[in-house]
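Given next are the chains, with one letter for each unit.
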Amino acid sequence: MKIWHCDDDPTVNITVSERHINAIRNAGGKAWLRRFPNGGHDPLSAGSAIANPIGSTSLKGSSVGTIKPATEEIFLFFNRFK
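Quantities reported herein were computed from a predicted structural model and do not represent experimental measurements. (Residues numbered from 1 in each chain as written. Predicted model: local features only at pLDDT ≥ 70, side-chain atom pairs only at ≥ 80, totals over all residues. Heavy atoms only, no water.)

Chemist: Pulling in residues and values, what's your account of helix H2 (residues 69–79)?
Modeler: For H2, the full list of buried residues reads Pro 69, Ala 70, Glu 72, Glu 73 and Phe 77. The buried side chains of H2 occupy one side of the element, clustering within an arc of 155° when seen end-on. Looking at the buried residues of H2, the elements they touch are strand E1 (2–6) and strand E2 (32–36). (Buried < 20%, exposed > 50% of the residue type's maximum accessible area, 1.4 Å probe, protein only. Helix = DSSP H or I, 4+ residues; strand = E, 2+ residues; numbered from the N terminus. Arc of directions from axis to C-beta. Contact = heavy atoms within 4.5 Å.)

Set out below in structure tokens:
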């Protein structure tokens, strides 16, 4: 499991994600927490646009716009499991 979480999330406190990740790890599972300093409740909008993303910027022929760091990391994370 991987969680992308912004420290300034007003909806879910970062400690909730930290406890969840630690519980998985303590039970022998693999879990990662990727923290962003800001972005609110939407890590997908945090940070600057990726200049040359590995992921596609279109979905079913429609542009999804720019890809930010969390989205790029999601592509990389799931590409490991082809």
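Chemist: Before we move on, could you go through the pairing of E2 and cite the residues and values that matter?
Modeler: Pairing geometry for E1 and E2, over 5 bridges, is parallel. When the bridges of E2 are listed, His 5 appears paired with Arg 35. Read as a crossover between parallel neighbours, the route from E1 over helix H1 (residues 14–26) to E2 is right-handed. (Pairing = 2+ DSSP bridges. Right-handed = clockwise from strand over helix to strand, strands pointing away.)

Chemist: Hey, could you go over the packing of aromatic side chains for me, with residue numbers and the actual values?
Modeler: Overall, the coordinates contain 3 aromatic pairs when judged by the stated rule. A ring pair is formed by Trp 32 and Phe 77, whose centres lie 5.7 Å apart and whose planes are at 75°; its orientation type is edge-to-face. In this pair, Trp 32 is assigned in strand E2 and Phe 77 in helix H2, connecting sequence segments 45 residues apart. Relative accessible area serves as the criterion here: at 32%, Trp 32 is assigned to the partly exposed category. Consider the rings of Phe 77 and Phe 78, whose centres lie 5.3 Å apart with planes at 85°: the pair is edge-to-face. Here a set of aromatic residues connected by ring pairs shows up, and it is made of Trp 4, Trp 32, Phe 77 and Phe 78. Note that Arg 34 overlies the ring of Phe 36, its terminal NZ or CZ placed 4.2 Å from the centroid. One residue, Arg 80, lies across the ring of Trp 32, its end atom 5.2 Å from the ring centre. (Phe/Tyr/Trp six-rings, centres within 6.5 Å; stacked < 30°, edge-to-face > 60°. Lys NZ or Arg CZ within 6 Å of the ring centre and 35° of its normal.)

Chemist: Please set out the nonpolar core residue by residue, giving values where relevant.
Modeler: In this structure, Trp 4, Cys 6, Phe 36, Ala 46, Ala 70 and Phe 77 together form the largest nonpolar core, which totals 6 residues. Of all the secondary structure elements, the ones that give two or more residues to this core are E1 and H2. (Core = buried A, V, L, I, M, F, W, Y, C linked by side-chain atoms within 4.5 Å.)

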